[in-house]
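Okay, here's what each chain looks like letter by letter:
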Amino acid sequence: MSLRHALLGLLSERPASGYDLLKLFETSLATVWPATQSQIYTELTKLAATGLITVAAEGPRGRKEYALAEEGLAELRHWLTETRPQRNTRSDLLLRVFFLGVLEPEQARAYLTELTEMSERSYEDLNQLAESIDWDDDNLSVYGRIALEYGLRFNAMRREWAQWAADQIA
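Not measured: the values here are computed from a predicted model. (Residues numbered from 1 in each chain as written. Predicted model: local features only at pLDDT ≥ 70, side-chain atom pairs only at ≥ 80, totals over all residues. Heavy atoms only, no water.)

Draft legend 1. Quick look at the overall build of the chain. Assigned secondary structure in the chain consists of seven helices and three strands. The N-to-C order of helical and strand elements in the chain reads α-β-α-α-β-β-α-α-α-α. The C-alpha atoms of the chain give 20 Å as radius of gyration, which overshoots the globular expectation for 170 residues (15 Å, by more than 25%). Expressed as lengths along the three principal axes of its C-alpha atoms, the size of the chain is roughly 65 × 35 × 30 Å. Evaluated residue by residue, the chain yields a buried proportion of 28% over its 170 residues. Considering only contacts in the chain between residues 6 or more positions apart, those separated by 24 or more positions represent 58%. (Helix = DSSP H or I, 4+ residues; strand = E, 2+ residues; numbered from the N terminus. Rg over C-alpha atoms; globule rule 2.2 N^0.38 Å. Buried < 20%, exposed > 50% of the residue type's maximum accessible area, 1.4 Å probe, protein only. Contact = heavy atoms within 4.5 Å.)

So this is what it looks like as structure tokens:
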């Protein structure tokens with residue numbers, strides 16, 4: 001996935017300013033595809049230059065509201081249907097687990113305990129996010145809830161796995 005496609009997807013629901021998109025990233029996509037303000041504004045400029053989005057309105061202090069162009073919708077649909085997702089093959093977290101044998105057993109267990117606690121915190125953060133959102137029947141709400149559920153289940157699984165792994169260390 002790319003920032004480009006994340007922005008096109010958000011704009012497929014409704015026009016939005018860069019600030020609005022940043023807030024959507026912070027509340028809905030942060031665990032899936034985090035992005036900074038400068039990354040978002042840079043990509044919006046590129047998308048507008050290529051005609052995938054348009055500036056639908058301009059306001060005070062240079063505020064621009066962007067809308068998805070037909071070419072942008074076509075690009076988003078192409079990405080969703082014609083390109084295969086890239087399998088994430090790198091995990092700093094699991095690479096560390098692979099080499100825990102160079103530590104003392106109590107250090108290895110401490111790492112896994114921290115991983116358990118991190119997973120619990122992430123789970124709780126997502127739970128709070130789910131409760132703070134005013135869910136609707138629009139596409140971003142429906143599919144956003146589905147993605148959020150993945151995050152909840154993933155963190156619950158990782159927490160359970162880390163506890164199990166810590167118990168495996170003699």
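Draft legend 2. Seen up close, the environment of V97. Positionally, V97 belongs in helix α5 (residues 92-98). Considering only alpha carbons, one finds V97 and L126, 29 residues apart in sequence, at a separation of 25 Å. Each residue touching V97, except ones within four places of it in the same chain, is listed here: Y111, L112 and W161.

Draft legend 3. Focus on helix α6 (residues 105-132). Helix length check: α6 (28 residues) gives 40 Å between terminal C-alpha atoms against 40 Å at 1.5 Å per residue, within 8%. All of the buried residues in α6 are A108, L112, L115, T116, S119, L126, L129 and A130. In this structure, the buried residues of α6 make contact with α2 (18-29), α5 and α7 (139-168). (Expected span 1.5 Å × (residues − 1).)

Draft legend 4. Up close: the packing of aromatic side chains. Per the stated rule, a full pass over the model turns up two aromatic pairs. Taking 5.2 Å as the distance between ring centres and 80° as the angle between the ring planes, the aromatic pair formed by F98 and F99 counts as edge-to-face. The exposed category is assigned to F98, whose relative accessible area is 67%. Each ring, one from Y150 and one from F154, has its centre 6.2 Å from the other, and the planes form 15°; the classification is stacked. On the criterion of helical spacing, the pair formed by Y150 and F154 is a turn pair, its members being four residues apart in helix α7. (Phe/Tyr/Trp six-rings, centres within 6.5 Å; stacked < 30°, edge-to-face > 60°.)

Draft legend 5. Here's a closer look at the sheet that holds strand β3 (residues 64-68). The strand order across the open sheet formed by three strands is β1-β3-β2, and the pairing between neighbours is antiparallel. Looking at the sheet topology across the chains shown, the edges are occupied by β1 (16-17) and β2 (53-58). Across two bridges, β1 lies against β3 in antiparallel orientation. Among the inter-strand pairings, S17 is bridged to a residue of β3, identified as E65. Strands in contact with helix α1 (residues 3-13) are β1, β2 and β3; relative to β3, the strand with the most contacts, it is inclined by about 90°. (Pairing = 2+ DSSP bridges. Axes fitted to C-alpha atoms, helices over the stretch in contact; angles between N-to-C directions.)

Draft legend 6. Spatial organisation of α1. Most of α1 is tucked away, with eight of its eleven residues classed as buried. Buried residues of α1: L3, H5, A6, L7, L8, G9, L10 and L11, and no others.

Draft legend 7. Highlighting the environment of G72. Mapped onto the elements, G72 comes out in helix α4 (residues 70-82). The buried category is assigned to G72, whose relative accessible area is 0%. On a C-alpha basis, the gap between G72 and E82 in space is 15 Å, while along the polypeptide they are ten residues apart. When neighbours within four sequence positions are excluded, G72 is seen to be in contact with L8 and L52.

Just geometry here; none of it tells us what the structure is for.
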